[in-house]
Amino acid sequence: MRFEIVGKNIEVTPAMREKIEKKLSRLEKYLVIDENTTARVVTRVYPNSQKIEVTIPTKAGLLRTEVVNDDLYAAIDIAVDKLEDQIRRQKTRLSRKHRNSMAENFLETEEAAEEEDIPVKTKTVKADVMDLDEAIMQMELSSHDFYVYTDDESGKISIVYRRHSGGYGLLETE
């Protein structure tokens, strides 16, 4: 696995780089990760806290987490623990459904645009055909509050989302 470590408002020291690479390398025992897989790590420093964002594309889906903590090294440990929990949940769900593998669910491209001095982040989403349970699982893996997919029964684009009151919601298109 390759690492892309970026520091925002902080310079990534060799000790920080070594700690991040060592901790994230532990995930290789849970996943089949080839040498072309790139783990993207972004560290940010704020006045009273530090934030670490980790994104790892895998064959089973996108693993992503964000952690804010006073100590960067503690944030790294918490982020790796969260990723391990995501992997465990994913494997449990897949074993319940007796599935061996899943295709990568979306291709992410980022573009920055400005409209009235408001930055807009753009992503291109591939709406793969799947059922509602798979869409919920992919949404949980991506750590987003919604997920766009093509419903396997109706063949229409649908959006599953996490409700603030708990549970999930579903938007279907006409």
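As a reminder, the structure under discussion sits directly above these lines.
Residues numbered from 1 in each chain as written. Predicted model: local features only at pLDDT ≥ 70, side-chain atom pairs only at ≥ 80, totals over all residues. Heavy atoms only, no water.

Caption draft 1: Spotlight on the pairing of strand 9 (residues 157-162). In terms of strand pairing, strand 8 (residues 146-151) meets strand 9 through 5 bridges, oriented antiparallel. Of the residues in strand 9, the one forming a bridge with Y147 is V160. Taking the residues that link successive antiparallel strands as the turn, the strand 8-strand 9 hairpin has 5 residues, and the phi of G155 there is positive, at about 75°. Pairing between strand 9 and strand 10 (residues 168-172): 5 bridges, direction antiparallel. Bridge pairing in strand 10 links R162 to Y168. Counting the residues in the hairpin turn of strand 9 and strand 10 gives 5 residues, including G166, whose phi is positive at 105°. (Pairing = 2+ DSSP bridges. Helix = DSSP H or I, 4+ residues; strand = E, 2+ residues; numbered from the N terminus.)

Caption draft 2: Structural detail: the nonpolar core. In terms of nonpolar packing, the biggest core is built from 23 residues, with L24, I52, V54 and I56 touching the most fellow members. For this core, the secondary structure elements donating two or more residues are helix 1 (14-25), strand 2 (38-45), strand 3 (50-58), strand 4 (61-69) and helix 2 (72-97). Per-element tally for this core: the top contributor is helix 2, with 7 residues. Residues within four places of V54 in sequence aside, it is in contact with L24, R40, V41, L63, R64, T65, A79 and L83. (Core = buried A, V, L, I, M, F, W, Y, C linked by side-chain atoms within 4.5 Å. Buried < 20%, exposed > 50% of the residue type's maximum accessible area, 1.4 Å probe, protein only. Contact = heavy atoms within 4.5 Å.)

Caption draft 3: View of the sheet that holds strand 3. Read across the sheet, 4 strands follow the order 1-2-3-4 without closing on themselves; strand pairing throughout is mixed. At either end of the open sheet lies a strand with only one pairing partner, and these are strand 1 (2-8) and strand 4. On average, each strand axis in the sheet is tilted by 10° relative to the strand beside it, whichever way the strands run. Of the pairings in the sheet, the one linking strand 3 to strand 4 comprises 9 bridges and is antiparallel in character. The residue bridging Q50 from the neighbouring strand is N69, located in strand 4. Here helix 1 sits on the sheet and contacts strand 1, strand 2 and strand 3; the angle it forms with strand 1, its principal contact strand, is near 135°. (Axes fitted to C-alpha atoms, helices over the stretch in contact; angles between N-to-C directions.)

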